[in-house]
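If you want the building blocks of each chain, they are given just below.
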Amino acid sequence: MEYRRLGRAGVKVSPLALGTWLNFGRTIDGDAAARHVRMALDRGINFIDTADVYGLGAAETTLGLALDGIPRKDYVLATKCYFPTGDGPNDRGLSRKHIFESCHASLSRLRTDCIDLYQCHRFDEETPVEETVRAMGDLLSQGKIHYWGVSMWTATQIEEGVAVANAMGAPTPVTNQPCYNLLDREIEAEILPACEKFGMGTLPYSPLDQGMLTGKYAGGQTGNGSRAATPQWKAMMGRYFADDAQARVDRYLAVAKETAFSPAQLALAWLLHRRGVTSLLVGARTTEQLEENLAVLDIAWDPELDKALDSIFPANAN
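Residues numbered from 1 in each chain as written. Predicted model: local features only at pLDDT ≥ 70, side-chain atom pairs only at ≥ 80, totals over all residues. Heavy atoms only, no water.

(A) The packing of aromatic side chains, seen in detail. Overall, the coordinates contain 6 aromatic pairs when judged by the stated rule. Ring geometry for Tyr180 and Trp270: centres 5.8 Å apart, planes at 65°, overall edge-to-face. Taken together, the residues Tyr180 in the loop between β8 (175–177) and α6 (191–197) and Trp270 in helix α9 (residues 263–272) connect sequence positions 90 residues apart. (Phe/Tyr/Trp six-rings, centres within 6.5 Å; stacked < 30°, edge-to-face > 60°. Helix = DSSP H or I, 4+ residues; strand = E, 2+ residues; numbered from the N terminus.)

As structure tokens, then:
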């Protein structure tokens, strides 16, 4: 395993991270969650990502139990705060009050005394950036977190956060976690350059774009039991069922057939070799899916594939 630095930080993480968004505490619980965690760790994956809002705490609780008995030094643990975790007016956002209360709740659910990477899940327009930065700095000073990062911040927001932290003499964020995949390359224009400028690692989530890049929805079929079969997810993913998007996915699946990769592995391998990317968040409902994702680490990348994929998914198409 070739581990990568977490942005400019000294800590090193695996190029794949075990994600828990749609599975832990929902389709995966108890013994199944423990099997996923052990399987990932056995393959050298040392980076695990979650958030307080996933299942309204269920993902963190499930993950905490799954990590029971595993030496704390053997994994890098990341979680997030921002989204509502209750009905109260202060149960959301990036105020000092909510950040501290969310951090303490996450520590309890995760059954640990320190979060390695604590991330602002979105930018909070209602809270001064100075307040958020100071809260993160104080959590660092108290030893409750080791590093802090952001998720889905724009280039302008990243620049503001870094500038405020520098002016205050506070630690700056070391990572950004954006949506990034072949079908969604929007961050390449401004956000990736901003992260590179400030030494921030990029942690792409949804690298398979909700399964669109696995071929499971080829021909516009949603299938029984898939997320896209539900009204909520079909509305969210609707643009990918348009004729032009389906045509691009069909061309992509044809390219995948000519390689040693499955469609899912091809999408992951492409991202693994993008400049600025530190670690990809991968999730799976079954150990077979997880094994397929992990196997991408053992396959060599052919740079010629970049040209083929760029012709299907040009960077300026979003």
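Structure's up, so let's keep going.
(B) Up close: helix α2 (residues 58–66). If you check which residues of α2 are buried, you get Ala59, Glu60, Thr62, Leu63, Gly64 and Ala66. On the buried face of α2, the contacting elements are α1 (30–42), β4 (47–49), β5 (76–81) and α3 (96–110). (Buried < 20%, exposed > 50% of the residue type's maximum accessible area, 1.4 Å probe, protein only. Contact = heavy atoms within 4.5 Å.)

(C) Representation of unusual backbone geometry. The phi dihedral of Leu56 is positive, around 50°, even though this residue is not glycine. Turning to its location among the elements, Leu56 is positioned in the loop between β4 and α2. Positive phi, normally seen in glycine, also occurs at Met152, with a value near 60°. Structurally, the position occupied by Met152 is in the loop between β7 (145–151) and α5 (155–168). Given the relative accessible area of 34%, Met152 is considered partly exposed.

(D) Here's a closer look at the packing of helix α4 (residues 129–141) against α5. Where α4 contacts α5, the two axes come as close as 9 Å, and the packing angle between them is 65°. With respect to the hand of their crossing, α4 and α5 are arranged in right-handed fashion. Packed against α4, whose contacting residues are Val129, Glu130, Val133 and Arg134, the element α5 presents Glu160, Gly161, Val164, Ala165 and Met168 at the interface. Partitioned by chemical class, the residues of the contact of α4 with α5 number 5 nonpolar, 1 polar and 3 charged. (Axes fitted to C-alpha atoms, helices over the stretch in contact; angles between N-to-C directions. Left-handed = near helix turned anticlockwise from the far one by under 90°. Nonpolar A, V, L, I, M, F, W, Y, C, P; charged D, E, K, R; others polar.)

(E) Spatial organisation of the nonpolar core. With 87 residues, the main nonpolar core has Tyr118, Ile145, Ile158, Tyr252 and Leu266 as its most contacted residues. Residue contributions to this core peak at 8 residues, all from α9. Here Tyr252 is in contact with Leu182, Leu213, Pro263, Leu266, Ala267, Leu309, Ile312 and Phe313, once residues within four sequence places are set aside. The next biggest cluster of nonpolar side chains, apart from the first, holds 13 residues, and it includes Val13, Phe47, Val76 and Val174. (Core = buried A, V, L, I, M, F, W, Y, C linked by side-chain atoms within 4.5 Å.)

(F) Just the pattern of salt bridges, in detail. Scanning the model with the defined rule gives 15 salt bridges in all. Notably, a salt bridge pairs Glu159 with Lys197, separated by 3.2 Å at the nearest N-O pair. Highlighted residues: Glu159 in helix α5 and Lys197 in helix α6, separated in sequence by 38 residues. Residue class for Glu159 comes out partly exposed when judged on its relative accessible area of 37%. Look at Lys197 and you get exposed, because its relative accessible area is 57%. Across the pair Arg185 and Asp310 runs a salt bridge whose closest N-O atoms are separated by 2.9 Å. Pair noted here: Arg185 is in the loop between β8 and α6 and Asp310 is in helix α11 (residues 304–312), with a separation of 125 residues, a long-range link. (Salt bridge = Lys/Arg side-chain N within 4 Å of Asp/Glu carboxyl O.)

(G) View of the pairing of β5. Counting buried positions along β5 yields 6 of 6 residues, so the element is predominantly enclosed. Neither face of β5 is left uncovered, since the one carrying Val76, Ala78 and Lys80 and the one carrying Leu77, Thr79 and Cys81 both have all their residues buried. Where β4 and β5 come together, 3 bridges link them in parallel fashion. Each bridged residue has a counterpart across the sheet, and for Phe47 the counterpart in β5 is Val76. Each parallel crossover has a hand, and the one from β4 via α2 to β5 is right-handed. Sheet topology note: the β5/strand β6 (residues 115–120) ladder contains 4 bridges and is parallel. Looking across to β6, one finds that Cys81 is bridged to Cys120. (Pairing = 2+ DSSP bridges. Right-handed = clockwise from strand over helix to strand, strands pointing away.)

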